[in-house]
Number of protein chains: 2
Amino acid sequence: MLKYALLGFLNYKPMTGYDLENYINISTGNFWHARLSQIYMTLKKLEQDGLVTSHVEPQEGRPDRRVYTITEAGRADLSAWLAEPLVELVPGKDPLLLKLFFARSIGKQAVLTQLRVQLELHRKQLEVYRRGLPPEAHEIVREQPELKPETLFWDATRRFGELYEEARVQWLEETIARIEAEFNDI
Amino acid sequence: MLKYALLGFLNYKPMTGYDLENYINISTGNFWHARLSQIYMTLKKLEQDGLVTSHVEPQEGRPDRRVYTITEAGRADLSAWLAEPLVELVPGKDPLLLKLFFARSIGKQAVLTQLRVQLELHRKQLEVYRRGLPPEAHEIVREQPELKPETLFWDATRRFGELYEEARVQWLEETIARIEAEFNDI
DNA sequence: TACGCCATGTAACGGGTTACATGATTCA
DNA sequence: TGAATCATGTAACCCGTTACATGGCGTA
């Protein structure tokens, strides 16, 4: 699926692997991420499959850049994927919930400490989402005004982050209170 | 990490790989899942590492059962993992958000259709969580009354499912309304 | 008659992470 | 002086999925 994140961004404009990592971290870090090593390998595969092309731009004083450009076949592949509806719930994995599920044996105070650490982290992340789209998003639109209509969708994904973190914070507060009241050690 | 789900359940009582899949699907399906093939392979590895032992119970008319039992080393490993606090947010991946991020090009109606499908799915899942812990959870406690105190933690993970689906439903309703109002096609 | 449950496994493959390898420029 | 940024890539490994292989019993 990283494939489609890369095609999606290359559909905005040609870029290097390094650039793509920045775009992904800033724009989709919320719901998708990737390491540079994986991005480089995936780009190579996309080129083999004819979905992107690349050319090297020599630079002085810093490494040469390999710039990737989406092809017509790439655009077609991206469109086909976008058009294909998701008709099932995507089962996720959540290490914190897994730990909590089995956590009784470590004792009341240890559980509460862990949940309070999580509460702090999620409150901070909630603040980040409440600030709206990051300044980099507005810069991108300044440089490419034709992307203006995209911001509705970018902001929708940000808004999900906000609602998700609100739910998480509320749940942590509730769960801490419940464990304080109902957990009877030994 | 499946390792710890398996150790966690084997800490309740000895079981086969097949049993473990049922426990995982019923109890932690919400936030953790695994295929049988992976469960069998992971159990084999746990046995090599001395965290579980196994013995075969012959049966008539159906395949023999290989029953796994957690060892002292296994309990120690589980406890160490449970005690280790999660001090960072876990970055997740969400295919629906990835699709939505790039969805402008497929057009207003296609986007709305996809979001409405999702809304239906999440409303149904929300109903499931609102029904409380599944009947199987109560059966387990009837068979093993010493597990009663665990139900506080089981229900906490269920409650997260409920709040998560509420957030998802609210977000989908909001996003559908926003796209209806603000998406200008062409 | 066919499907689902019980029950265990192997093999090939794909996606992703970590570690390794290199090296100049810029800023605090 | 040291850390961050720019910039690209390979290799080993781990986790997980899909497909393959087997086969009796109970139920609709």
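Shown above is the structure to which this text applies.
Because the structure is predicted, anything quoted here is derived from the model rather than measured. (Residues numbered from 1 in each chain as written. Chains lettered and ligands numbered in written order. Predicted model: local features only at pLDDT ≥ 70, side-chain atom pairs only at ≥ 80, totals over all residues. Heavy atoms only, no water.)

1. Things to note about the overall build of chain A
Rule in force here: The helix and strand labels rest on DSSP assignments: H or I over at least four residues marks a helix, E over at least two residues marks a strand, and numbering proceeds from the N terminus. In this setup the radius of gyration rests on C-alpha atoms only. A globule is expected at 2.2 Å times the number of residues raised to 0.38. Exposure categories follow from relative accessible area, calculated using a 1.4 Å probe and restricted to protein chains: below 20% of the type maximum is buried, above 50% is exposed, and the middle band is partly exposed. We call two residues contacting when some pair of their heavy atoms lies within 4.5 Å. Using a 1.4 Å probe, accessible areas were evaluated by the Shrake-Rupley method; residue-level cover was limited to the displayed protein chains. A residue counts as positive if it is Lys or Arg and as negative if it is Asp or Glu; His and the chain ends are not included. We put the charge of a Lys on NZ, of an Arg on CZ, of an Asp on CG and of a Glu on CD.
Scanning chain A from N- to C-terminus turns up eight helices and two strands. Sequence-ordered secondary structure for chain A, helices as α and strands as β, is α-α-α-β-β-α-α-α-α-α. By the compact-globule yardstick of 16 Å for 186 residues, chain A is too spread out, its C-alpha radius of gyration being 21 Å. When its C-alpha atoms are laid out on the principal axes, chain A stretches across 65 × 45 × 30 Å. Per-residue burial for chain A yields a buried fraction of 47% across its 186 residues. Counting only contacts in chain A whose residues sit at least 6 apart along the sequence, the fraction spanning at least 24 positions is 59%. Of the accessible surface of chain A, which amounts to about 9600 Å², a share of 52% is contributed by carbon and sulfur atoms. For chain A, the separation between the mean place of its 24 positive charges and that of its 28 negative charges on side chains is 5 Å.

2. Some words on the relation of the copies chain A and chain B
Test applied: In superposing the copies, a least-squares fit is computed on C-alpha atoms, taking residues whose pLDDT is at least 70 in both.
Overlaying chain A on chain B yields an RMSD of 0.0 Å, the required transformation being a rotation through 180 degrees with an accompanying axial translation of 0.0 Å. Taken together, the rotation and translation relating the two chain copies correspond to the operation of a two-fold axis.

3. Side note on the protein's contact with DNA strand C
This is how the line gets drawn: One heavy atom suffices: a residue is near a molecule or strand as soon as one of its heavy atoms comes within 4 Å of it. Any pair of nitrogen or oxygen atoms within 3.5 Å is treated as a polar contact; in protein, a donor-acceptor pairing is required on top of that, and neighbouring residues in sequence qualify only through side-chain atoms on both sides. When residue character is reported, Ala, Val, Leu, Ile, Met, Phe, Trp, Tyr, Cys and Pro are called nonpolar, Asp, Glu, Lys and Arg charged, and the others, Gly included, polar.
Neighbouring DNA strand C are 21 residues, the closest being A:Ser37, A:Gln38, B:Lys44, B:Gln59 and B:Arg66. Of all atoms in DNA strand C that approach within 4 Å of the protein, 68% are sugar or phosphate atoms. With respect to DNA strand C, the side chain of A:Arg35 contributes an N or O atom lying 3.3 Å from a phosphate oxygen. B:Tyr40 has a polar side-chain atom sitting 3.0 Å from a phosphate oxygen of DNA strand C. Broken down by secondary-structure element, the contributors of at least two residues to the surface near DNA strand C are helix H3 (36–48) of chain A together with helix H2 (17–28), helix H3 (36–48) and strand S2 (65–70) of chain B. Considering each element in turn, the surface near DNA strand C owes the most residues, four residues, to H3(B). Tallied by class, residues from the surface near DNA strand C come to six nonpolar, eight polar and seven charged.

4. Concerning the pattern of salt bridges
Two side chains bearing opposite charge may form a pair once their charged atoms approach each other closely. Filter applied, for reference: Counted as salt bridges are all cases of a side-chain nitrogen of Lys or Arg within 4 Å of a carboxyl oxygen of Asp or Glu.
This structure, assessed with the given rule, holds 38 salt bridges over all chains. One salt bridge connects A:Glu120 with A:Arg123, and the closest N-O pair in it is separated by 3.9 Å. Within this pair, A:Glu120 and its partner A:Arg123 are both found in helix H6 (residues 108–130), separated by three residues, close to a single helical turn. Judged by its relative accessible area of 40%, A:Glu120 is partly exposed. In this structure, the salt-bridge partner of B:Arg130 is B:Glu166, at a minimum N-O distance of 3.0 Å. Residue B:Arg130 is located in helix H6 (residues 108–130), and its partner B:Glu166 is located in helix H8 (residues 151–182); the two are separated by 36 residues in the primary sequence. What makes B:Arg130 partly exposed here is its relative accessible area of 44%. The exposure class assigned to B:Glu166 is partly exposed, which follows from its relative accessible area of 28%. Salt bridges linked by common partners bring A:Glu127, A:Arg130, A:Asp155, A:Arg158, A:Arg159, A:Glu162, A:Glu166, B:Glu174, B:Arg178 and B:Glu182 together as one network.

5. Things to note about the interface of chain A and chain B
Reports of interface size often rely on the accessible area that becomes lost once the parts have come together. Condition: When two parts are put together, the accessible area they lose, computed with a 1.4 Å probe and summed over both, is reported as buried area.
Taken residue by residue, the interface counts 68 residues in chain A and 68 residues in chain B. Across the interface of chain A and chain B, roughly 6900 Å² is buried in total on both sides, 72% from carbon and sulfur atoms. Counting the surface chain A buries against chain B, the share from its top three residues, A:Phe101, A:Phe102 and A:Phe153, is 12%. Between the two partners, chain A and chain B, sit six salt bridges. Across the pair A:Arg159 and B:Glu174 runs a salt bridge whose closest N-O atoms are separated by 2.6 Å. Of all the elements in the fold, those that place two or more residues in the side of chain A that touches chain B are helix H1 (2–10), helix H2 (17–28), helix H4 (72–83), helix H5 (95–101), H6 and helix H8 (151–182) of chain A. A per-class count over the side of chain A that touches chain B returns 40 nonpolar, 15 polar and 13 charged.

That's the geometry; what it means functionally is another story.
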